[in-house]
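Next come the chains, spelled out residue by residue.
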Amino acid sequence: MNNAKISTERFNINLLTIPVLLRTGATITFYLAATGKKNRFVHKLKATDIADVMKEIKDTMINYMETYGISKEITVEDMHLYELFIKLFFSYKVRVRLKKCRDEIASQQFLDALLLKIPWKK
């Protein structure tokens, strides 16, 4: 990531869980949701074990920032993400803040993840 450009984007990032309620024995699906002023994305995680989830989040964020630039600030409300991003982005001088996400951002992220999980049929 040393050659990645610097981005002025500031992201609110959440780790979302959406349970599968319509099937017995189904598990929870994790989503990484990021919202900035210009960009937003939701990534469905394949992993379900917390260690694997954190590795997949790390890989996803590195790929995103290599492609679109290193964000100057990331805000999270999950302590797991906070610790991961502090370690991951320390050398890139990304400011990582631990703060509650605004309700409207969290609601939109949840809706985006839910639409990936259960897309509306036309």
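Residues numbered from 1 in each chain as written. Predicted model: local features only at pLDDT ≥ 70, side-chain atom pairs only at ≥ 80, totals over all residues. Heavy atoms only, no water.

1. Quick notes on the packing of aromatic side chains
Taken as a whole, this structure holds five aromatic pairs when the rule is applied. Taken together, a centroid distance of 4.7 Å and an interplanar angle of 35° make the contact between Tyr64 and Tyr68 tilted. Within this pair, Tyr64 and its partner Tyr68 are both found in helix H1 (residues 50–68), separated by four residues, close to a single helical turn. Take Tyr64: its relative accessible area is 12%, and that puts it in the buried class. With relative accessibility at 49%, the residue Tyr68 sits in the partly exposed group. Their ring planes at 40° and their centres at 5.6 Å tell us that Phe85 and Phe89 sit as a pair that is tilted. Pair noted here: Phe85 and Phe89 are both in helix H2 (residues 79–89), with a separation of four residues, about one helical turn. (Phe/Tyr/Trp six-rings, centres within 6.5 Å; stacked < 30°, edge-to-face > 60°. Helix = DSSP H or I, 4+ residues; strand = E, 2+ residues; numbered from the N terminus. Buried < 20%, exposed > 50% of the residue type's maximum accessible area, 1.4 Å probe, protein only.)

2. Observations regarding H1
Side chains three or four residues apart in an α-helix point the same way, a direct result of the helix having 3.6 residues per turn. Taking 1.5 Å of rise per residue, 19 residues should cover 27 Å, and H1 covers 26 Å from first to last C-alpha, within 8% of that figure. Listed in full, the buried residues belonging to H1 are Val53, Met54, Glu56, Ile57, Thr60, Met61, Tyr64 and Met65. Down the axis of H1, the smallest arc covering the buried residues is 165°, so these residues share one side. Facing away from the buried side of H1 by over 90 degrees, the exposed positions are Ala51, Lys55 and Thr67. Those residues of H1 that are buried are in contact with strand E1 (10–19), strand E2 (28–35), strand E3 (40–44), strand E4 (73–76) and H2. (Expected span 1.5 Å × (residues − 1). Arc of directions from axis to C-beta. Contact = heavy atoms within 4.5 Å.)

3. Considering the packing of H1 against H2
The geometry of a pair of packed helices is captured by two quantities: the angle between their axes and the separation between those axes. At a minimum axis separation of 11 Å, H1 and H2 run at an interaxial angle of 50°. Taken together, the axes of H1 and H2 lie oblique to each other. When the axes of H1 and H2 are compared, the crossing they make is right-handed. Contact residues: H1 offers Met54, Ile57, Lys58, Met61, Ile62 and Met65, while H2 offers His80, Leu81, Leu84, Phe85, Leu88 and Phe89. By residue class, the composition of the contact of H1 with H2 is ten nonpolar, one polar and one charged. (Axes fitted to C-alpha atoms, helices over the stretch in contact; angles between N-to-C directions. Parallel < 35°, antiparallel > 145°, perpendicular 65-115°, else oblique. Left-handed = near helix turned anticlockwise from the far one by under 90°. Nonpolar A, V, L, I, M, F, W, Y, C, P; charged D, E, K, R; others polar.)

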